[in-house]
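Spelled out from the first residue to the last, the chains are:
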Amino acid sequence: MNAAPILQLQAISKRFGTIQALDQVDFDLYEGEIHALVGENGAGKSTLMRILSGVYTEYEGEFLLDGKPVHLHSPHDALDLGIGMIHQELSVMPELSVAENLFLGRQLTTRWGTVDWKKMHNTAEQELERLGFSHLDVRQPLGNYSLGTQQVVEVLRTIISGARVIIMDEPTSALSPAEVERLIRLIDKLRESKRSIIYISHFLEEVMRVADRVTVLRDGQKVATLNAPETNVNNLISLILGREVNATLPPAISTSNGHTLMEVNHLTADVFKDISFTINQGEVLGIYGAIGAGHFDLARALFGMYRFDTGTITVDGHRFKPNHSARYAIRHGLAFATESRRKSLLMEEAIYRNVTLPHLNRIGSLTPTQSQELKVAAPAIHMVNVQPPDPLNPVGKLSGGNQQKVAIARWLTFPPKVLVMSEPTRGMDVGAKSEVLSLLRNFRNQGYGVLVVSSEPETILTVSDRVIVMSHGHIVAHMENKDLNKDVLMRLL
Ligand SMILES: Nc1ncnc2c1ncn2[C@@H]1O[C@H](COP(=O)(O)OP(=O)(O)OP(=O)(O)O)[C@@H](O)[C@H]1O
Ligand SMILES: [Mg+2]
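Just so it is clear, the structure is predicted and the values come from calculations on it, not from any experiment. Residue positions are counted from 1 within each chain, in the order its sequence is given. Think of it this way: whatever chain is written first is A, whatever ligand is written first is 1, and the rest follow in order. Totals for whole chains, interfaces and linings use all residues, but because this is a predicted model, local features are given only for residues with pLDDT of at least 70 and pairs of side-chain atoms are given and counted only at 80 or more. Side-chain measures were taken over the full set of non-hydrogen atoms in the model, leaving aside hydrogen atoms and water.

Attention shifts here to the overall build of the chain. The helix and strand labels rest on DSSP assignments: H or I over at least four residues marks a helix, E over at least two residues marks a strand, and numbering proceeds from the N terminus. Tallying secondary structure elements over the chain gives 16 helices and 20 strands in all. Taken over C-alpha atoms, the radius of gyration is set against a globule rule of 2.2 Å times the number of residues to the power 0.38. The globule rule puts the C-alpha radius of gyration for 493 residues at 23 Å, and the 24 Å found for the chain is close to it. Summarising its shape, the C-alpha atoms of the chain cover approximately 70 × 50 × 50 Å along the three principal directions. Throughout this description, buried means an accessible area under 20% of the type-specific maximum (1.4 Å probe, protein chains only), exposed means over 50%, and partly exposed covers the range between. Across the 493 residues of the chain, 54% fall into the buried class. Contacts are assigned to residue pairs with any non-hydrogen atoms lying within 4.5 Å of each other. Counted over contacts in the chain with a minimum sequence separation of 6, partners at least 24 positions apart contribute 66%. Computed with a 1.4 Å probe, the accessible areas rest on the Shrake-Rupley method; for each residue, only the protein chains presented here act as cover. Total accessible area on the chain is roughly 21400 Å²; 50% of this is exposed by carbon and sulfur atoms. Charged-residue counts in this description rest on Lys and Arg as positive and Asp and Glu as negative, His and the chain ends being excluded. Every charge is mapped to an atom, namely NZ of Lys, CZ of Arg, CG of Asp or CD of Glu. Of the side-chain charges in the chain, 49 are positive and 54 negative, and the distance between the mean point of each set is 4 Å.

Laid out in structure tokens, this is it:
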């Protein structure tokens with residue numbers, strides 16, 4: 001590695017009230033380096049990066065850029081110094097064009113101060129060509145493209161803005177395998193052009209592929225900084241958790257007497273066609289597909305959140321009326337956690353409130369007391385191990401992964417007959433992932449039905465008894481989860 005680091009953080013500490021989010025953390029970055037940052041949910045990764053990108057301006061410790069102390073006052077300051085951050089939550093504007101998104105906040109103007117569309121389109125096209133994304137039409141609304149492409153455009157925007165330090169906070173959590181590959185190629189290109197990248201991810205195999213060095217945070221402290229060739233996934237896991245991970249799920253107990261809990265027949269909508277399946281008591285069905293395969297909208301349709309044209313849904317012998325509401329679905333034994341869980345949470349409201357929200361009418365009266373609600377919510381919050389575990393905390397103050405856990409806890413209070421979950425482990429650290437999958441397994445073992453809808457092959461393969469593969473809206477395979485592996489699934493897409 002050459003000479004001095006371009007960026008150094010020394011003994012950085014940051015408190016939120018009583019929580020010590022960061023405790024004397026050191027971190028540095030060299031030119032042309034990919035430095036990965038890993039750690040459990042709530043370890044302090046995003047907080048450290050928000051300091052680096054000017055979002056948090058109050059902290060203790062030193063921040064040196066090219067050897068000189070700096071103190072940023074805003075993300076704008078950071079960008080001026082060449083530091084750009086791509087946040088955990090997308091911040092693109094789907095209704096604006098690709099070009100407008102690429103120049104968001106820095107529109108190119110003519111001499112007269114009006115937007116110079118021609119120049120913007122031409123420059124956008126040239127930049128996309130140079131970066132290997134010339135297949136994107138700069139005039140199309142960005143919303144016409146997949147979530148993955150939208151994510152990529154956010155990355156491209158930061159690059160085009162001239163940032164030499166690019167922070168990516170979980171860039172691949174919503175990408176299809178092909179999109180992940182494209183992003184990794186882009187990262188390699190950036191390294192060649194001497195840009196530096198800080199890469200946050202819970203996908204440790206991906207981390208091992210892209211990173212030159214890896215820093216591990218645990219409980220706000222730096223545990224280690226390692227050269228990638230000198231470590232491996234298992235080593236990282238034990239550093240992240242500070243213990244060995246118990247990756248084995250509770251054994252699958254057979255409780256099924258063949259009773260069918262859910263039956264879906266010939267369900268058809270604009271983005272999925274002729275979908276039929278059953279789920280028996282004590283069974284987990286996994287539906288696997290790439291992003292855009294229609295499986296997430298299928299899940300929404302089951303729960304009354306997406307319009308379907310024909311077909312039937314029956315839960316425990318009760319046939320749903322066509323295009324029912326979510327409330328109707330809940331009343332008849334379904335629960336559903338969407339893949340975009342942040343949207344389903346009320347960030348200002350307390351954790352317990354977010355858990356009891358869909359069930360208020362079952363907790364006695366329409367306006368239950370706080371203690372009534374807490375009594376219902378507390379066991380579920382405990383079950384998913386929300387950290388910190390104070391149920392009175394607003395959800396908005398939790399780390400990304402812990403927010404996900406709250407959205408799951410919501411459905412453990414009044415158990416449904418069939419639990420439908422899209423991307424149950426998205427954004428979760430290795431420990432939390434296995435906790436949530438164990439939870440689903442236990443739910444199954446108690447004789448409930450579970451439908452897991454996911455684009456992560458590992459998740460599907462770990463918990464499912466049977467697997468359906470969807471591609472372009474159709475079921476292309478339906479099989480027992482025996483002798484299956486990632487390659488088999490991905491080849492079917
Ligand atoms: N705005 C805030 N107010 C209060 N506490 C906060 C705030 N932001 C973060 N925290 C707390 O600081 C700690 C670190 O959170 P941070 O978001 O940095 O974690 P993370 O490593 O990015 O986790 P994840 O993998 O879940 O995204 C957590 O305990 C979190 O609850
Ligand atoms: Mg985070």
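Being near a molecule or strand, for a residue, comes down to having at least one heavy atom within 4 Å of it. As a structural note, the neighbourhood of ligand 1 is formed by 21 residues, with Gly42, Lys45, Thr47, Ser399 and Gly401 the closest of them. Throughout this description, a polar contact denotes any pair of N or O atoms lying within 3.5 Å of each other; where both atoms belong to protein, one of them has to be capable of donating a hydrogen while the other can accept it, and for residues adjacent in sequence the pair is counted only when both atoms sit in side chains. The contact in question runs from an oxygen atom of ligand 1 to an N or O atom on the side chain of Thr47, over 2.6 Å. Note that an oxygen atom of ligand 1 is positioned 3.0 Å from one of the side-chain N or O atoms of His202. Out of a free accessible area of 640 Å², ligand 1 has 89% covered by protein chains. Mapped by element, the contributors of at least two residues to the shell around ligand 1 are strand 2 (19–29), helix 1 (45–52) and helix 13 (400–409). Among the elements that make up the shell around ligand 1, the one with the highest residue count is helix 1 (three residues). Either an automatic procedure or a domain database provided the assignment from which the domain bounds are taken. Split by domain, the shell around ligand 1 shows at least three residues from each of two domains, domain 1 (7–95 + 141–241) and domain 2 (260–491).

Attention now goes to the environment of Ile34. Inspection of the secondary structure assignment puts Ile34 in strand 3 (residues 34–39). Its relative accessible area of 0% is what places Ile34 among the buried residues. Residues Ile34 and Gly242, 208 residues apart in the sequence, show an inter-C-alpha distance of 24 Å.

Here four strands make up an open sheet; going across it, the order is 2-1-4-5 and the pairing antiparallel. Looking at strand neighbours, the two that pair on one side only are strand 2 and strand 5 (68–69), the edges of this open sheet. Each axis is a line fitted through C-alpha atoms, taken for helices only over the stretch in contact, and angles between the N-to-C directions span 0 to 180 degrees. Together, strand 1 (7–16), strand 2 and strand 4 (60–65) form the strand contacts of helix 1, whose direction differs from that of strand 1 by roughly 120 degrees. We treat two strands as partners when DSSP finds at least two bridges between them.

Examined bridge by bridge, strand 19 (residues 466–471) and strand 20 (residues 474–480) share six bridges and lie antiparallel to one another. Residue pairing in the sheet places Ile468 in a bridge with His478 of strand 20.

Below, the discussion takes up the domain arrangement of the chain. Split by domain assignment, the chain resolves into domain 1 (7–95 + 141–241) and domain 2 (260–491). The C-alpha-based centres of domain 1 and domain 2 are spaced at 30 Å. Taken together, the contact between domain 1 and domain 2 spans 18 residues of the former and 20 residues of the latter. In this description, buried area is defined as the sum, over both parts, of the accessible area (probe of 1.4 Å) that is lost when the two are combined. Counting each side, the surface lost to burial between domain 1 and domain 2 is near 1400 Å², with a carbon and sulfur contribution of 61%. By salt bridge we mean one thing: a side-chain nitrogen of Lys or Arg within 4 Å of a carboxyl oxygen of Asp or Glu. In this structure, the connection of domain 1 to domain 2 is made through zero salt bridges.

Taken together, the six strands give an open sheet; going across it, the order is 6-7-8-3-9-10, and neighbouring strands pair in mixed fashion. Edge positions in the sheet fall to strand 6 (83–86) and strand 10 (221–227), since each of these pairs with one other strand and no more. On average, adjacent strands in this sheet sit at an angle of 15 degrees to one another, irrespective of strand direction. As judged from the four bridges shared by strand 3 and strand 8 (residues 196–200), these two strands associate in the parallel manner. Residue pairing for strand 8: Ala36 is matched across the bridge by Tyr199. Helix 6 (residues 177–192) contacts strand 3, strand 7 (165–169) and strand 8 of the sheet and is inclined by roughly 145 degrees relative to strand 8.

If you look at the biggest cluster of nonpolar residues, it comprises 75 residues, and the most contacted ones within it are Phe277 and Leu334. Ignoring any residue separated from it by four or fewer positions in sequence, one finds Phe277 in contact with Met262, Glu263, Val264, Leu285, Ile287, Leu298, Leu302, Leu451, Ile468 and His478. Take the buried Ala, Val, Leu, Ile, Met, Phe, Trp, Tyr and Cys residues and link them wherever side-chain atoms come within 4.5 Å; each set so joined is a nonpolar core. Within the second largest apolar cluster, 35 residues are counted, among which are Ala99, Leu102, Ala124 and Val152.

Glancing now at helix 1. Burial within helix 1 is extensive, with eight of its eight residues counted as buried. Considered for burial, the residues of helix 1 that qualify are Lys45, Ser46, Thr47, Leu48, Met49, Arg50, Ile51 and Leu52. One or two steps after helix 1, the chain reaches Gly54, where phi turns positive at roughly 80 degrees.

Note on strand geometry: in a regular strand, side chains alternate between the two faces of the sheet. Bridge count between strand 11 (residues 260–268) and strand 12 (residues 275–280): five bridges; the pairing is antiparallel. From the neighbouring strand, Met262 faces strand 12, where its bridge partner is Ile279.

Turning our eyes to something else, we now look at the packing of aromatic side chains. Ring pairs shown here join Phe, Tyr and Trp side chains whose ring centres sit within 6.5 Å, with only the six-membered ring taken for Trp; geometry is labelled stacked below 30 degrees between planes, edge-to-face above 60, and tilted in between. In total, this model carries six aromatic pairs according to the counting rule given. Relative to Phe336, the ring of Phe303 has its centre 5.4 Å away and its plane inclined at 50 degrees; by these criteria the two rings are tilted. With Phe303 in the loop between helix 9 (295–302) and strand 14 (310–315) and Phe336 in strand 16 (residues 334–337), this pair connects stretches of sequence that are 33 residues apart. Like Phe336, Phe303 is buried. For the pair Phe443 and Tyr448, a centre-to-centre distance of 4.4 Å together with 20 degrees between the ring planes defines the contact as stacked. For Phe443, a relative accessible area of 7% gives the class buried. A relative accessible area of 24% means that Tyr448 is categorised as partly exposed. Aromatic ring contacts, followed pair by pair, group Phe303, Phe336 and Trp411 into a single cluster.

The interhelical angle for the contact between helix 5 (residues 147–160) and helix 6, taken along N-to-C directions, is 10 degrees, at an axis separation of 10 Å. Here helix 5 is positioned roughly parallel relative to helix 6, judged by the angle of their axes. Contacts from Gly148, Thr149, Val155, Leu156 and Ile159 of helix 5 reach helix 6 at Glu179, Leu183, Leu186 and Leu190. Its residues assigned to classes, the contact of helix 5 with helix 6 comprises six nonpolar, two polar and one charged. Roughly parallel refers to an angle under 35 degrees, roughly antiparallel to one over 145, roughly perpendicular to one between 65 and 115, and oblique to any angle outside these ranges. Residue polarity is assigned by list, with Asp, Glu, Lys and Arg as charged and Ala, Val, Leu, Ile, Met, Phe, Trp, Tyr, Cys and Pro as nonpolar; anything else, Gly included, falls into the polar class.

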